[in-house]
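Reading the structure
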Amino acid sequence: MSAVTRLFHLLARVPLPVMQRLGVVLGWLVWALSPSYRSTFQANVRAAGLAWRDARPAVGAIGAMVAELPWVWMRPHGASLEGLIQWEGAEHFEAAMQAGRGAIILSPHLGCWEIGAQAIAEKFGPTYGPMVALFRPARKAWLEPLVANARTRPYLESAPTSLAGVRTLIRTLRGGGYTAILPDQVPPLGQGVWAPFFGRDVYTMTLLAKLAQQTGARVLLTWCERLPPGQGFCMHMRPWDAPELQDNTATPEQAAAAVNRAVEAMVRQAPGQYLWGYARDKQPRSEA
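Now for a description of the structure that goes with this document. Note that the structure is a prediction, hence the values are computed from the model and not measured. (Residues numbered from 1 in each chain as written. Predicted model: local features only at pLDDT ≥ 70, side-chain atom pairs only at ≥ 80, totals over all residues. Heavy atoms only, no water.)

**A few points about the packing of helix H5 (residues 57-74) against helix H7 (residues 113-128)**
The relative placement of two packed helices is expressed as an angle between their axes plus a distance between the axes. The interhelical angle for the contact between H5 and H7, taken along N-to-C directions, is 30°, at an axis separation of 9 Å. Between H5 and H7, the crossing angle belongs to the class labelled roughly parallel. Between H5 and H7, the contacting residues are Met65, Leu69, Trp71, Val72 and Trp73 on the first element and Trp113, Glu114, Ile115 and Gln118 on the second. Grouping the amino acids of the contact of H5 with H7 by side-chain chemistry returns seven nonpolar, one polar and one charged. (Axes fitted to C-alpha atoms, helices over the stretch in contact; angles between N-to-C directions. Helix = DSSP H or I, 4+ residues; strand = E, 2+ residues; numbered from the N terminus. Parallel < 35°, antiparallel > 145°, perpendicular 65-115°, else oblique. Contact = heavy atoms within 4.5 Å. Nonpolar A, V, L, I, M, F, W, Y, C, P; charged D, E, K, R; others polar.)

Structure representation (structure tokens):
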């Protein structure tokens, strides 16, 4: 066991509310010490046309998100999240699954997306089977066992980020299963198109739209709200019936723009919990 893994195991024993409070301090410390981070954060907020007072809480929230990771990643596979998660709109997911069309959970970098996937798999897995999601191994060797432990759990299965993995998702959805997609990360070159996002053209994935168009799966706008320390989380789910994701004749650019508009609307509801420090407008990297 590496020193980092041992540290994560140790931190995972600290009560989650304590780690969240420490994380808020960490968030502001990084803000104070990193001019480049501040610049990216503030530029993204300005581009979105939001007031600084609304986005400002995200400085601490991002720190809380990082501090939560040991607890989220290292918690025992048999441990239940019951009592920690409140649900708002779970009936929409139930309706999509009962219709037999499958479901795509559209969940951006808003709130605590890491625990969100685990909570959805735990709640719905016994009835509807495992969530199947694309999983890219960590780029750093020391992170790989930690991330693998977090994302391969009961009722939470992974597929490789390759053509074979995409085919697995298509089979899963056509079979009435479900998956989750982070729509606001920059995909590798060749796997996206340029589309507007908060006033700027950003490289946007086409995978989500293609999955919806090819399988007829329902798309659910989902995010896991981080409540004040000690109060847990609230999972928000609601259906999204964008015509561009149901029409095979829609261009990739039209579908990507629709996805970005959906993410914008979600972020405007809770700008204090969005990952504003992420360079959303960066150039896509090559897979080679």
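So, next bit.
**Some words on unusual backbone geometry**
One non-glycine residue, tyrosine 155, lies in positive phi territory at about 65°. Among the structural elements, tyrosine 155 can be located in the loop between helix H8 (144-151) and strand E4 (156-160). Under the relative-accessibility criterion, tyrosine 155 is labelled partly exposed at 38%. At phenylalanine 198, a position not held by glycine, the phi torsion is positive, near 50°. The residue phenylalanine 198 is located in the loop between strand E6 (192-197) and strand E7 (200-205) in this model. Here phenylalanine 198 falls in the buried class, since its relative accessible area comes to 5%. (Buried < 20%, exposed > 50% of the residue type's maximum accessible area, 1.4 Å probe, protein only.)

**Description of helix H9 (residues 163-174)**
With 12 residues, H9 should cover 16 Å at 1.5 Å per step; its first-to-last C-alpha distance of 17 Å lies within 8% of that length. Along H9, the residues classified as buried are Gly165, Leu169, Ile170, Thr172 and Leu173. Down the axis of H9, the sector holding all buried residues measures 160°, keeping them to one side. Seen from the buried face of H9, the exposed residues on the opposite side, beyond 90 degrees, are Leu163, Arg171 and Arg174. Check the buried side of H9 and you find it contacts strand E2 (103-106), strand E3 (131-135), E4, strand E5 (178-181) and helix H10 (207-215). Glycine 176 occupies a position one or two residues after H9 and carries a positive phi of about 85°. (Expected span 1.5 Å × (residues − 1). Arc of directions from axis to C-beta.)

Scope: geometric values only; no functional claims are made or implied.
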